[in-house]
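Observations on the three-dimensional arrangement
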2 protein chains.
Amino acid sequence: MIYNRIALIGLGLIAGSIGLAVRKRGLAGETTGSASTAKSREIARNRGLVDHVCKTNAEAVAGADLVILCVPVGVMDAVAAEIAPHLAEGATVTDVGSVKRAVIDAVAPHMPGYVEFVPGHPIAGTENSGPDAGFAALFENRWFLMTPTESTSEAAVARLQDFWEGMGALVARMDPDHHDRVLAVTSHVPHLIAYTMVGVADDLRRVTNQEVVNFSAAGFRDFTRIAASDPTMWRDVFLNNRQATLEILGRFTEEIFALQRAIRRGDGEHLFNHFSRTRNIRRGIIDAGQDTAEPNFGRSAGGL
Amino acid sequence: MIYNRIALIGLGLIAGSIGLAVRKRGLAGETTGSASTAKSREIARNRGLVDHVCKTNAEAVAGADLVILCVPVGVMDAVAAEIAPHLAEGATVTDVGSVKRAVIDAVAPHMPGYVEFVPGHPIAGTENSGPDAGFAALFENRWFLMTPTESTSEAAVARLQDFWEGMGALVARMDPDHHDRVLAVTSHVPHLIAYTMVGVADDLRRVTNQEVVNFSAAGFRDFTRIAASDPTMWRDVFLNNRQATLEILGRFTEEIFALQRAIRRGDGEHLFNHFSRTRNIRRGIIDAGQDTAEPNFGRSAGGL
């Protein structure tokens, strides 16, 4: 048991997975959670995501020594303002937002001096969202990045690290601006590209949607998974990590124009060289335990 | 048993999978195969991909009533010229190339009048290549597209359809130019985009490769799978499906600029609307049995 009472604000995929992992691994005395809709609260109650499902965020945070903000980045400001007067003295407040600089700017000003704020981001998720989507194993062998500020006490940071390691995660610290740049590469721009490609396929006149669906196993289907992610969450990510996203996107379009030019000119050597140097990263990801080595992510076996 | 003797030219992922499926399902009296390197022939022999591993393509096709060209699109012309004098009267020649118009232009002129040519393309594969990579279940519940020309006899087309259905595939006929346009959307441009994104990530100065690897589970790792595909095969695809690829790529860059502009202007409504309409295609793909409904393609379960 690392905390006495943990409050989960917002009961979607991430909070649900935290709630289930905390229970399974005995990391807290008790857990509370709040969600804005009655339906989400009912599902959370039925699935046992937390011990006490609360109607208001204020009620959920009362007496908690750890508060985890699991809401879209765009509402962090309002939620922080709402809970601030109800936070217990000495409580740690953390979050799971996919961007860190904007969350710090939104949350930190509201935090009372007697509260520790440790921004964080678990690099884990699925294409599903909502209170139905969570599962206890989500964070196992996945990274949790912490971006503590200078004013955060070392004791609060170390305790939060113990908590995430207790859920099976790997933990690292990072500068918030660097975090936003790294995630623009490994998450934000890939999502934008996937959303774009799926949108293009959906919008063609000369190729039907049924053809796209039937013949998607040749590559396209891989893109549809992340393009099925939560639209609100992703809108907020792009609005709040504008600079890094646009920078990486600029690099991407530069490269795609170079490859487009090679195709137009019939420059097979340029294409071959480019396609040859991209295998190593996948090998590194598999060796680091961040993906399966099974062909087709394992879904071919048995002819899915 | 649908054919007496099947010859597989080239012993990579696709030929190996055909050889194993033919044996498992008893679709041929015997099978032969040829590969250009001694190492590939040795692996094919050890894995039992075909009954007779031949050193030359001429030897492999002798007496075969079905010849399947399983070589990169760029060498179809040379291979067709080489085997033509050795083909048995009444034999059917087919292929598995990812583009169809260019293969027809390369192969058809070499075919003797007493041979039936039925161009084809199985919409199945993995990121792996070579004689080690094949497995018998690869084509189960996957589509095989045939693009027969007007001169192909109906009997030869129907027999090839029986053969592929015998391996568990679904079979459809398509116009070759339409095939190339459909595959540009569902396969060629997605591969080019994945190769581009992985290349960009590999090339950054301010984000290390270790960071890319460690934090790839947030989306990027999905792209690395198809960007690990065979460089020779993909070079040939782009050189031989230039027009359709460039057309779809043009649509893609147009859309990505629209989203980039929305990010720059902070137009959350545009982003939200775009991200909301891409979920249906994934649902269609899952309902059509072309992908798994499991979150993260099933790899999260057990915390991979």
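Refer to the structure printed above.
Residues numbered from 1 in each chain as written. Chains lettered and ligands numbered in written order. Predicted model: local features only at pLDDT ≥ 70, side-chain atom pairs only at ≥ 80, totals over all residues. Heavy atoms only, no water.

Once that is clear, we can look at the sheet that holds strand β9 (residues 170-173) of chain B. Sheets are built from strands paired through backbone hydrogen bonds, the pairs being either parallel or antiparallel. Residues and elements named next belong to chain B. The sheet built from three strands is open, its strands ordered β7-β8-β9 with mixed pairing. Of all the strands in the sheet, just β7 (120-122) and β9 have a single pairing partner and so form its edges. The average undirected angle you get between the axes of adjacent strands in this sheet is 20 degrees. Sheet analysis places strand β8 (residues 143-146) next to β9, joined by four bridges and oriented parallel. Paired with Trp-143 across the two strands is Leu-170, which belongs to β9. Against the sheet, helix α6 (residues 154-166) touches β7, β8 and β9, its axis set at about 150 degrees to β9. (Pairing = 2+ DSSP bridges. Helix = DSSP H or I, 4+ residues; strand = E, 2+ residues; numbered from the N terminus. Axes fitted to C-alpha atoms, helices over the stretch in contact; angles between N-to-C directions. Contact = heavy atoms within 4.5 Å.)

Here we come to the interface of chain B and chain A. Taken residue by residue, the interface counts 111 residues in chain B and 111 residues in chain A. If you look at where chain B meets chain A, you find ten salt bridges. Residue Asp-202 of chain B pairs with Arg-277 of chain A through a salt bridge whose shortest N-O separation is 3.3 Å. At the boundary of chain B with chain A, the tally comes to 42 residue pairs in polar contact (both at pLDDT 80 or more). Ranked by the residues each element gives to the side of chain B that touches chain A, the list is headed by helix α7 (residues 176-202) of chain B, at 21 residues. Here the side of chain B that touches chain A is built from residues that sort into 52 nonpolar, 33 polar and 26 charged. (Salt bridge = Lys/Arg side-chain N within 4 Å of Asp/Glu carboxyl O. Polar contact = N/O pair within 3.5 Å; in protein donor to acceptor, adjacent residues only side chain to side chain. Nonpolar A, V, L, I, M, F, W, Y, C, P; charged D, E, K, R; others polar.)

A word on the pattern of salt bridges. Any two side chains of opposite charge can pair, so long as their charged atoms come close to each other. With the rule as written, the count across this model stands at 34 salt bridges over all chains. Measuring nitrogen to oxygen at the nearest pair gives 3.0 Å for the salt bridge that ties Arg-225 of chain A to Asp-222 of chain B. One end of the pair, Arg-225 of chain A, is in helix α9 (residues 220-226); the other, Asp-222 of chain B, is in helix α9 (residues 220-226), on a second chain. In this structure, Arg-225 of chain A and Asp-222 of chain B share a single accessibility class: buried. (Buried < 20%, exposed > 50% of the residue type's maximum accessible area, 1.4 Å probe, protein only.)

Here a ring pair, both rings aromatic, is described through the centre-centre distance and the interplanar angle of the planes. All told, the structure shown has 20 aromatic pairs over all chains when counted by the stated rule. A centroid spacing of 6.3 Å and a plane angle of 70 degrees characterise the contact between Phe-252 of chain A and Phe-252 of chain B, whose relative ring orientation is edge-to-face. With Phe-252 of chain A in helix α11 (residues 242-265) and Phe-252 of chain B in helix α11 (residues 242-265), this residue pair bridges two chains. Take Phe-252 of chain A and Phe-252 of chain B: they sit in the same class, and that class is buried. With 6.0 Å between their ring centres and 80 degrees between their planes, Phe-163 of chain B and Trp-164 of chain B make a pair best called edge-to-face. A single burial state applies to Phe-163 of chain B and to Trp-164 of chain B, both of which are buried. Put simply, the rings of Tyr-3, Phe-139, Phe-144, Phe-163 and Trp-164 of chain A touch in pairs and so form one group of aromatic residues. One Lys or Arg, Arg-299 of chain A, reaches over the ring of Phe-297 of chain B and ends 4.2 Å from the middle of that ring. In this structure, Arg-225 of chain B is placed above the aromatic ring of Phe-297 of chain A, and the distance from its NZ or CZ to the ring centre is 5.2 Å. (Phe/Tyr/Trp six-rings, centres within 6.5 Å; stacked < 30°, edge-to-face > 60°. Lys NZ or Arg CZ within 6 Å of the ring centre and 35° of its normal.)

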